[in-house]
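# Fold and geometry: a report
Given next are the chains, with one letter for each unit.
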Amino acid sequence: METVRVNVVTPDGKVYDGDVEMVSVRTVEGELGILPRHIPLVAPLTVGAVRLKKGSVVEKVAVSGGFVEVRPDQVTILAESAELPSGIDVERAQKAKERAEKRINTAKQDEVDFKRAELALKRAVNRLEVSGK
Ligand code: ATP
């Protein structure tokens, strides 16, 4: 089976480096599935899961924005933050979710606060989903 090399990096360092049969990412325009020999492109990412398919195994990485750079033999994901399920602190994400929900309920008059809280909620929910909790 043909594979493509995938790197996931954040300002804190490398989170994933491996060869996969397919990778999917969530861009601002929607889900993008990438197979080996995909045409080159660069796209901005939103909060979401990166899915890495190898045989019958699909690994997930929780990503909070950034960019994907696709080349025919290499996909680089430059993420603002990225965690594998094993690196996710579930209790922290649960607390972040509760904090964000509270802020959304009280910050409705202030659009900036509301948007920030909404994004924080998306990050927390994404981490909980990727961790399987
Ligand atoms: P919190 O309010 O808990 O800090 P956040 O969504 O504001 O969450 P980010 O700004 O997205 O956090 O991330 C800051 C750093 O903390 C990043 O390095 C990210 O990987 C890490 N991080 C955030 N939440 C978690 C978590 N639940 N488990 C593991 N690492 C996390």
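Position numbers for residues count from 1 along each chain, tracking the sequence in the order it is written. Given that the model is predicted, a residue must reach a pLDDT of at least 70 before its local features are reported, and side-chain atom pairs must reach 80 or more before they are shown or counted; all residues, however, enter totals for whole chains, interfaces and linings. With hydrogens and water set aside, each side-chain value is computed from the structure's full complement of heavy atoms.

## Some points on the pattern of salt bridges
By convention in these notes, a salt bridge is any Lys or Arg side-chain nitrogen within 4 Å of a carboxyl oxygen on Asp or Glu. According to the stated counting rule, one finds 10 salt bridges in the structure shown. Between Lys97 and Glu101 there is a salt bridge, with the nearest N and O atoms lying 3.3 Å from each other. Here Lys97 pairs with Glu101, and both are found in helix α1 (residues 90-106), just four residues apart, close to one helical turn. One network of salt bridges, in which partners are shared, links Arg5, Lys14, Asp17 and Asp19. The helix and strand labels rest on DSSP assignments: H or I over at least four residues marks a helix, E over at least two residues marks a strand, and numbering proceeds from the N terminus.

## Some remarks on the nonpolar core
Ranked by internal contacts, the top residues of the largest apolar core, which has 21 residues, are Val6, Val23, Val25, Val68, Val75 and Ile77. Not counting chain neighbours up to four residues away, the residues in contact with Val75 comprise Val4, Arg5, Val6, Asn7, Val23, Ile34, Val68, Glu69 and Val70. The next biggest cluster of nonpolar side chains, apart from the first, holds five residues, and it includes Ala100, Ile104, Ala120 and Leu121. For the purposes of this section, nonpolar cores are sets of buried Ala, Val, Leu, Ile, Met, Phe, Trp, Tyr and Cys residues that join through side-chain atoms within 4.5 Å. Exposure is judged per residue with a 1.4 Å probe applied to protein chains only, and the accessible area is read against the type maximum: over 50% gives exposed, under 20% gives buried, and values in between give partly exposed. Contacts: residue pairs with any heavy atoms within 4.5 Å of one another.

## Details of unusual backbone geometry
Of note, the phi angle at Arg37 is positive, near 70°, even though the residue is not glycine. Looking at where Arg37 falls in the secondary structure, it is placed in the loop between β4 (30-34) and β5 (41-54). For Arg37, a relative accessible area of 62% gives the class exposed.

## A look at the pairing of β4
Whether two strands pair depends on DSSP finding at least two bridges between them. Bridging between strand β3 (residues 22-27) and β4 involves five bridges; their strand directions are antiparallel. Across the sheet, Val25 pairs through a bridge with Leu32, a residue of β4. Taking the residues between adjacent antiparallel strands as the criterion, β3 and β4 are bridged by two residues.

## Some details on the domain arrangement of the chain
All domain edges in this entry derive from an automatic or database-based domain assignment. Taken domain by domain, the chain consists of domain 1 (4-85) and domain 2 (89-131). The distance between the C-alpha centroids of domain 1 and domain 2 comes to 23 Å. On the side of domain 2, eight residues touch domain 1, which itself brings 11 residues to the contact. Summed over both partners, the accessible surface that disappears when two parts come together, traced with a 1.4 Å probe, is what is meant by buried area. Between domain 1 and domain 2, roughly 680 Å² of surface is buried when both sides are summed, and carbon and sulfur atoms account for 62% of that area. In terms of surface lost to domain 2, no three residues of domain 1 exceed Val47, Ala62 and Pro85, which account for 53% of the buried area on that side. Put simply, domain 1 and domain 2 have one salt bridge between them.

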